[in-house]
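Residues per chain, in single letters:
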Amino acid sequence: MVHRKYASLACSGVMVAALATGAWAAGAAGAQAAPFVDPLDASAVLYRNAAERPLMSVSRAGKRLVAVGMRGLIVTSDDEGKTWTQTASPVRSDLLASCFPSAREGWAVGHDGVILHTADGGRTWARQFDGRMAAKALIDDYRARIAAGQTNLQPYLDQLTLNYKAGPSLPLLGVWFKDTQHGIAVGPFGLAIATGDGGKTWMPALELVDNPGFLHLQGIGEAAGEVFIAGERGTVFRLDRGSGTFRAVPTGYAGSLFGVAGHDEALIAYGLKGTLYRSADHGASWTRIDSPLHGLVTSAVYVPERHAFVLVTAAGEIAIADSDARRVALVKGGRPVPATGVQPVSSDELVLTGLDGVRAVELP
């Protein structure tokens with residue numbers, strides 16, 4: 001059962017990652033077969049053209065840009081995306097997302113449950129956690145808490161046991177840190193893990209998300225002072241800071257959502273087939289937006305200097321939405337390239353990650 005459901009995930013929640021994996025495999029076809037090496041046991045290969053290889057997301061570490069991608073690839077830029085330098089990575093697992101709560105401290109997550117940490121703004125990285133550790137540590141944690149009397153945790157233990165029955169490969173799809181000590185990472189089948197000591201230890205946190213059906217948790221991030229998890233079946237989970245739990249807010253959409261972006265007066269949740277939803281009350285309720293997009297919306301960002309949202313898709317589309325998120329227009333021109341992440345570097349220039357690497361794009 002786990003294998004069938006996980007296969008469907010590769011066609012939806014992490015479709016872009018699956019495409020990139022396929023592109024890499026196609027490029028490797030015909031090459032002499034090499035002995036299998038577990039991605040957790042090998043460092044990332046160093047490339048001359050690292051910035052032209054598949055990258056999955058880009059984030060900002062102070063003035064530095066950091067992009068992460070397939071086969072453990074990490075590249076950084078100190079000149080607003082004009083030039084990029086590859087950074088050594090301790091794994092070859094595909095990296096999908098990163099978060100920097102400060103200019104120096106940051107985390108990257110991805111396949112095989114891997115969590116990497118940097119304490120110098122992305123110049124060097126160390127592995128803090130992975131699926132092998134998770135398969136034991138998370139289950140042992142719940143077992144100990146249940147034995148101590150927290151019997152309400154039994155369904156979460158059962159789900160974790162099922163998750164890791166097929167091995168340690170379950171990915172982490174998103175990560176968010178409140179500060180350099182407190183963070184949470186999320187993934188498929190309701191997976192949520194948390195740290196309160198800067199990643200020295202990670203604990204299961206499935207019970208902190210109002211998700212009895214163990215829906216896939218596709219991404220996590222902060223927008224307009226609120227923290228959101230985007231999930232399956234059109235569900236947005238909003239952090240209730242008083243209780244420390246994420247409350248489910250249905251949008252009315254039946255498909256998957258992948259993230260939330262915005263500012264104090266308007267938020268956009270984005271998903272499959274160009275689907276966009278808008279909230280004007282900090283995520284308490286959502287209404288659908290007419291969208292000209294057709295591809296899976298992989299990333300969105302609000303650009304304050306431009307008073308506009310920028311959205312990108314796996315079909316290579318770029319769109320701009322006005323400040324109140326009511327009107328969305330396609331940006332025309334240029335060669336469509338599947339995009340996986342977006343980061344503004346000025347009011348009229350963006351850095352995009354995608355299957356062809358990282359590139360700068362000027363907005364009209």
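The structure we're discussing is the one just above.
Below or above, wherever it landed, is the structure these notes cover. It should be emphasised that the depicted structure is a prediction, and the values quoted were computed from it without experimental measurement.

Now for the overall build of the protein chain. Counting its secondary structure elements, the protein chain contains four helices and 27 strands. For a compact globule of 364 residues, the expected C-alpha radius of gyration is about 21 Å, and the protein chain comes in at 19 Å, within 12% of that figure. Counting every position in the protein chain, which comprises 364 residues, the buried fraction comes to 56%. Accessible surface computed for the protein chain: about 15,500 Å², of which carbon and sulfur atoms make up 53%. Placing the 33 positive and 34 negative side-chain charges of the protein chain at their respective mean positions leaves the two points 4 Å apart.

With that settled, consider the sheet that holds strand β24 (residues 328–330). Taken in spatial order, the four strands make up an open sheet running β21-β22-β23-β24, and their pairing is antiparallel. The open sheet has two edge strands, β21 (297–303) and β24, and neither has a second partner. Looking at each pair of strands side by side, their axes are set apart by 25° on average, direction ignored. As defined by bridge partners, β21 adjoins strand β22 (residues 308–313) across six bridges and the pair is classed as antiparallel. Each bridged residue has a counterpart across the sheet, and for Y302 the counterpart in β22 is F309.

The subject of this paragraph is the sheet that holds strand β10 (residues 183–186). Taking strand neighbours across the sheet as the criterion, the four strands line up as β9-β10-β11-β12 in an open arrangement whose pairing is antiparallel. Edge positions in the sheet fall to β9 (174–177) and β12 (203–204), since each of these pairs with one other strand and no more. Relative to β12, strand β11 (residues 192–195) runs antiparallel, the two sharing two bridges. When the sheet's bridge partners are listed, I193 is paired in β12 with P204.

So, on to the pairing of β11. On a regular strand, each side chain points to the face opposite its neighbour's, so the side chains alternate between the two faces of the sheet. Residues A192 and A194 point to one face of β11 and I193 and T195 to the other, with burial holding for every one of them. The loop that links β10 with its antiparallel partner β11 comprises five residues; one of these, F189, has a positive phi angle of about 55°.

I115, L138, L160, L191, I193 and W202 are the most contacted members of the largest nonpolar core, which has 27 residues in total. For this core, the leading source of residues is helix α3 (residues 131–147), giving five residues. Dropping the residues within four chain positions of it, L138 is found in contact with F129, M133, L160, Y164, L191, I193, W202, M203 and P204. Within the second largest apolar cluster, 19 residues are counted, among which are F258, L296, L311 and A325.

Between its terminal C-alpha atoms α3 stretches 24 Å, which fits the 24 Å expected from 17 residues at 1.5 Å a residue. Those residues of α3 that fall on the buried side of the exposure criterion are G131, A134, L138, I139, Y142 and I146. Seen along its axis, α3 keeps its buried residues to an arc of 95°; they face one direction. Residues of α3 that are exposed and point more than 90 degrees away from the buried face comprise K136 and A147. Residues of α3 that are buried in the fold lie against β8 (126–129), α4 (154–163), β11 and β12. You can read the cap of α3 off the contacts: a side-chain oxygen lies 2.9 Å from the backbone nitrogen of R132, and it is on D130.

Moving on, we get to the packing of aromatic side chains. Going through the model one piece at a time under the given rule, you end up with eight aromatic pairs. Each ring, one from Y156 and one from F214, has its centre 6.0 Å from the other, and the planes form 85°; the classification is edge-to-face. Taken together, the residues Y156 in helix α4 and F214 in the loop between β12 and β13 (217–223) connect sequence positions 58 residues apart. Classification of Y156 by relative accessible area gives buried; the value is 19%. Between Y253 and Y277 the ring centres are 5.9 Å apart and the planes differ by 40°, which places this aromatic pair in the tilted class. Linking Y253 in the loop between β16 (245–250) and β17 (257–263) with Y277 in strand β19 (residues 276–279), this pair joins segments that are 24 residues apart in sequence. Exposure class is identical for Y253 and Y277. Each is buried.

On the secondary structure map, H216 appears in the loop between β12 and β13. In terms of polar contacts, H216 uses its side chain to reach the backbone amide nitrogen of F189, at 2.9 Å.

Let's shift gears to the packing of α3 against α4. A packed helix pair is summarised by two numbers, namely the angle formed by the two axes and the spacing between the axes. Two numbers describe how α3 lies on α4: the axes approach to 10 Å, and their chain directions differ by 160°. Put simply, α3 runs roughly antiparallel to α4. Of the two possible hands of crossing, α3 and α4 adopt the one that is left-handed. Along the contact surface, α3 presents L138, I139, Y142, R143 and I146, while α4 presents Q154, Y156, L157, L160 and T161. Here the contact of α3 with α4 is composed, by residue class, of seven nonpolar, two polar and one charged.

Here we come to unusual backbone geometry. Non-glycine residue A224 carries a positive phi angle of around 55°. Positive phi, close to 55°, is recorded for H307, a residue that is not glycine. You can call H307 exposed: its relative accessible area is 53%.

Thresholds applied
Residues numbered from 1 in each chain as written. Predicted model: local features only at pLDDT ≥ 70, side-chain atom pairs only at ≥ 80, totals over all residues. Heavy atoms only, no water. Helix = DSSP H or I, 4+ residues; strand = E, 2+ residues; numbered from the N terminus. Rg over C-alpha atoms; globule rule 2.2 N^0.38 Å. Buried < 20%, exposed > 50% of the residue type's maximum accessible area, 1.4 Å probe, protein only. Areas by Shrake-Rupley, 256 points an atom, 1.4 Å probe, with all protein chains shown as cover. Lys, Arg positive; Asp, Glu negative; His and termini not counted. Charge placed at Lys NZ, Arg CZ, Asp CG, Glu CD. Pairing = 2+ DSSP bridges. Axes fitted to C-alpha atoms, helices over the stretch in contact; angles between N-to-C directions. Core = buried A, V, L, I, M, F, W, Y, C linked by side-chain atoms within 4.5 Å. Contact = heavy atoms within 4.5 Å. Expected span 1.5 Å × (residues − 1). Arc of directions from axis to C-beta. Polar contact = N/O pair within 3.5 Å; in protein donor to acceptor, adjacent residues only side chain to side chain. Phe/Tyr/Trp six-rings, centres within 6.5 Å; stacked < 30°, edge-to-face > 60°. Parallel < 35°, antiparallel > 145°, perpendicular 65-115°, else oblique. Left-handed = near helix turned anticlockwise from the far one by under 90°. Nonpolar A, V, L, I, M, F, W, Y, C, P; charged D, E, K, R; others polar.

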